Amino acid sequence: MVTLRLILRNRLAAFGAFVLLAVAVISLLAPLLPIADPDLTAPANRLKLPFSEGALLGTDHLGRDLLSRLIWGTRLSLFVGIAAAVIAAVIGSAIGIVAGFYGGRTDGVIMRGIDMLMAFPYILLALAIVAVLGPGLLNALYAVAAVNIPFFARNIRGVTVSIAHREFVDAAKLAGMNGPRIIVSEILPNVLPVIVITMSTTIGWMILETAGLSFLGLGSQPPQADLGSMLGEGRKLLITAPHASIVPGLMIFAIVMSVNLLGDGIRDALDPRLRSGALSRPAAATLVERSDIPERQAGDALLDVQSLQTDFQVGKRTYKAVGGVSFHVKPGECLGIIGESGSGKSVTALSLAGLVASPPGVITGGAVRMGGEDTLSMTGDELRHIRGKRIAYIFQDPLTTLHPLYRVGDQLSEAIRCHRPVSRQDAWEHAVSLLEQVRIPNAASRAKAYPHELSGGMRQRVGIALALINEPEIIVADEPTTALDVTVQAQVLALLDDLRRERNLALLFITHDFGVVAQLCDRVAVMYAGRVVETGPTADVLANPFHPYTRRLIDCVPELGGGRRILSAIPGLPPAVDDLPAGCAFAPRCDKVSDACTASQVALIPSGARAVRCVAPEGRP
Amino acid sequence: MNAPPLSVMNLEKTFGGGRTLLGQVKPSVHAVQDMTFSVEPGETLGIVGESGCGKSTLARMLVGLLPPTSGDIEIEGTTMSERAGGPADFGRQIQYVFQDSLSSLNPRKTIRQILEAPLIHLLGMDAATRRARIAELLDAVNLRPEFLNRFPHEFSGGQAQRIGLARALAASPRILVLDEPVSALDVSVQAQILNLLSELRKVLNLTYVFISHDLAVVEAVSDRVAVLYFGRIVELGRAECVFSTPKHPYTDLLSRSAPSVGRPLLRTEAAASELPDPLHPPPGCAFAARCPRADDLCRSATPEMNQHTETHEAACYHPID
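Parameters and conventions
- Residues numbered from 1 in each chain as written.
- Chains lettered and ligands numbered in written order.
- Predicted model: local features only at pLDDT ≥ 70, side-chain atom pairs only at ≥ 80, totals over all residues.
- Heavy atoms only, no water.
- Helix = DSSP H or I, 4+ residues; strand = E, 2+ residues; numbered from the N terminus.
- Rg over C-alpha atoms; globule rule 2.2 N^0.38 Å.
- Buried < 20%, exposed > 50% of the residue type's maximum accessible area, 1.4 Å probe, protein only.
- Contact = heavy atoms within 4.5 Å.
- Areas by Shrake-Rupley, 256 points an atom, 1.4 Å probe, with all protein chains shown as cover.
- Lys, Arg positive; Asp, Glu negative; His and termini not counted.
- Charge placed at Lys NZ, Arg CZ, Asp CG, Glu CD.
- Polar contact = N/O pair within 3.5 Å; in protein donor to acceptor, adjacent residues only side chain to side chain.
- Pairing = 2+ DSSP bridges.
- Axes fitted to C-alpha atoms, helices over the stretch in contact; angles between N-to-C directions.
- Parallel < 35°, antiparallel > 145°, perpendicular 65-115°, else oblique.
- Left-handed = near helix turned anticlockwise from the far one by under 90°.
- Domains from an automatic or database assignment.

1. Focus: the overall build of chain A
Looking only at helices and strands, chain A features 23 helices and 13 strands. In terms of overall size, chain A is more extended than a compact globule, its C-alpha atoms giving a radius of gyration of 34 Å where 621 residues would be expected to give roughly 25 Å. Looking at chain A as a whole, 49% of its 621 residues are labelled buried. Here the analysis covers contacts within chain A between residues at least 6 apart in sequence; of these, 68% occur between residues at least 24 apart. Accessible surface, chain A as shown: approximately 28300 Å² in total, 61% of it carbon and sulfur. Across chain A, the centroid of the 56 positively charged side chains sits 3 Å from that of the 54 negatively charged ones.

2. Describing the environment of N142 of chain B
All names here are of chain B. Here N142 is to be found in the loop between α4 (127–140) and α5 (157–170). Along the primary structure N142 and A166 are separated by 24 residues, whereas in three dimensions their C-alpha atoms are 9.7 Å apart. Ignoring any residue separated from it by four or fewer positions in sequence, one finds N142 in contact with R162 and L196.

3. Observations concerning the side chain of K109 of chain B
The residue K109 of chain B is located in the loop between β5 (94–97) and α3 (111–121) in this model. Overall, the relative accessible area of 13% leaves K109 of chain B in the buried class. In this structure the side chain of K109 of chain B is engaged in a polar contact, spanning 2.7 Å, whose partner is the side chain of E186 of chain A. In this structure K109 of chain B touches M177, S185 and E186 of chain A together with I114, R150, F151 and P152 of chain B, once residues within four positions along its chain are discounted.

4. Considering the sheet that holds strand β4 (residues 70–75) of chain B
Residues and elements named next belong to chain B. If you walk across this open sheet you meet the 3 strands as β2-β1-β4, and the pairing is antiparallel. Every interior strand has two partners, whereas the edge strands, β2 (28–39) and β4, have only one. Pairs of neighbouring strands in the sheet enclose a mean axial angle of 20°, with direction left out of account. With 8 bridges joining them, strand β1 (residues 6–16) and β2 adopt antiparallel strand pairing. In the strand pairing of β2, F15 is matched with V29.

5. So, the packing of helix α8 (residues 179–215) of chain A against helix α9 (residues 227–235) of chain A
All names here are of chain A. Relative orientation of the contacting elements α8 and α9 amounts to 40°, with a least axis distance of 7 Å. Judged on the interaxial angle alone, α9 and α8 are oblique. The element α8 and its partner α9 pack so that their crossing is right-handed. Counting all contacts with α8, which are made through A211, S214 and F215, the residues of α9 involved are G228, S229, L231, G232 and R235.

6. A word on the domain arrangement of chain A
As far as domains go, chain A holds domain 1 (2–29 + 65–275) and domain 2 (303–552). The distance between the C-alpha centroids of domain 1 of chain A and domain 2 of chain A comes to 50 Å.

Right, dumping it as structure tokens:
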């Protein structure tokens, strides 16, 4: 139902569906319609013009009624095209699935055969098949189907290969299923949408190809009418009676166009990538829609964030990913933001420089001041100027942030030359010196490596070097060591720690790991459901947490050296941020919950260097 | 029958290799080399190692998803050659729990269909028995029965891992191979799953092979621990001994690298330390290039496993005392 609505929302697809439906209904009703016999010749009435009496679309060279021939011909052409598409889809998909699922030698033999079939020009191949089988509509159908089998086989094989390596196929093997059963019950349901998409985009071609064969006289034989043979007969009279070829020509045009429009619509609606908005281009900066801007606070903070709110508006739902977050970072200081997945820590980090994709992201409130300037009031150009220059990011997986086709040295030099007018040679030398600064051994030769040639730890160092290019004041590191092994993680953390001390950098470190926070950060802010629930100096917060969530989260983390034991867990799940409770978001999971917790918002109450968002903080009566 | 539930002898796995049409030798990678260990009934054997150490290859061989190049895996006294039928043949004895539980569930099947598959294909149960067994399974992993008609995308990571666990338990296997079962989960949910695992082990008298890169998690659940490096076991012993008094310098480095509250950042290791190139492995000990204790012997010959105490062995020429 959803899919149908999606298709019809696309106006062109709806138009295509309408035209196709009209054509299909009329041609299906052909035996019931009050039209003349399509094969009845009347030489006296030959070549009547359209709109003449007794023949709405005129007659052909044998005096047959063109309207009647058109309806019957369309019926035949549609049938042959669809039948050929179904045959090609079934045989081609079966070949593709078998080749893709079994792989190895089976795949090699089958696909080389398909490649050979594809090496022939399709019309030549179809001609050859018809030449062997003899002319006739049914043989033309076989030829068109056979010619299109490779197209399906290759498409479906590709999809099957990617599905056959998914874990649920392994799981099915472990559940005792054999190959054929896995193909039918695990692979086929996941490949089916692709088969439908491929079919909907090829039916038009098939109709055209059948018409082509009939046009050449190899398809339907006289007196049987199909669109191609009508066109072929009309061609001889193109100058004297153009209507005899224009009428079937227009019909072919209408059918193929409507099929293609509808097919594109079906593809757009079913393809998960297009559905999730792969074609919608996010704006250069996050959309800001806020009613008032908080006053600037006094203090020596380099980065001052005040009640930042970022929403995601998807359909009718609003996900409050960040619901009023405030914090500040001084030069040379490291602030850790810790939270579980969905707590809003990454969205907070991305909001600082307007990097949240819009749509669906919207910053709905608060202020982000970098050295006193509010980044949320900046234009796209101003933002681009501060990105990299004042604030730089390090992301979790450098394999996705580095361009796979350029050498890392070239990527660094490009970024250098983008901000400074230096020669190619100077930029390259600067790039090598940056790689040395992030302690990459043999920096000069490593600069010539492609990202995939480096290990995860080395790639992350390149990511750090990229962030350092313009000597930013603030570095935001979003889980930079989560994808790394522990021994490599220790090295990268030590590097980040040294860099910030040497360069007096403000470091905003986003993580889910208490151990990392304890080793690296001066202060920590704990986030839950889009809000900071507790903040303070790292050692104090970890040793003596005020918020029940912080305390219980720390208890959940197994520590090395604790031996074998039962861990304490927090029952339940974090709330969905599109449906937050009125009071404290942690209340449903908290063992100290009272009426005051659920009644209304709990404020973040400061006490000294620390602050906690709880009506009954730990360690107090 | 005194055979251990699971024992592995000289297990090897090589990827690639062979020759091209022109007779050139193709590059090969020894993912698992000469592994020998056994697991006692009711025991949890933890397997720790970093990426590329061969732990997932080992897991996939144990459950029969990948054929070993050489060596043997014995499950409840039955050797490899006697179980030629693949997973369908011994899925009732050993099952596998995936790291990414969501992608191990077919997105187009309901939870009921997913849980029924092993009951139908491994046990051949009829509909009524299946319904009773599924209710039992859901109860064991603390899931509500109304979840049965939903599709996998409606579940959170923790719930999906419970479903994966229920599927693995469906055919009542004696052994579970858990491949990073909690590393994709948040800590609060991770603890829930770890506790559920330890409860199930006691109630159902299961034997676990628990694979993880997280030392603290492995220590919290394991009786014994095997440390893998570059396709080989470098240290094997009781969990409490391996991490508190490591013999192999690599185990020592691992346990000191794990970030932990109240311990300063580790800054000892030289920046050059990387895994060796698997296509061109160095002769001798694979860890030698990163090892502060390495000498010429380490760089020329591969060390054998040495017994240090009755339950603690390590493959090192210069073990830590």
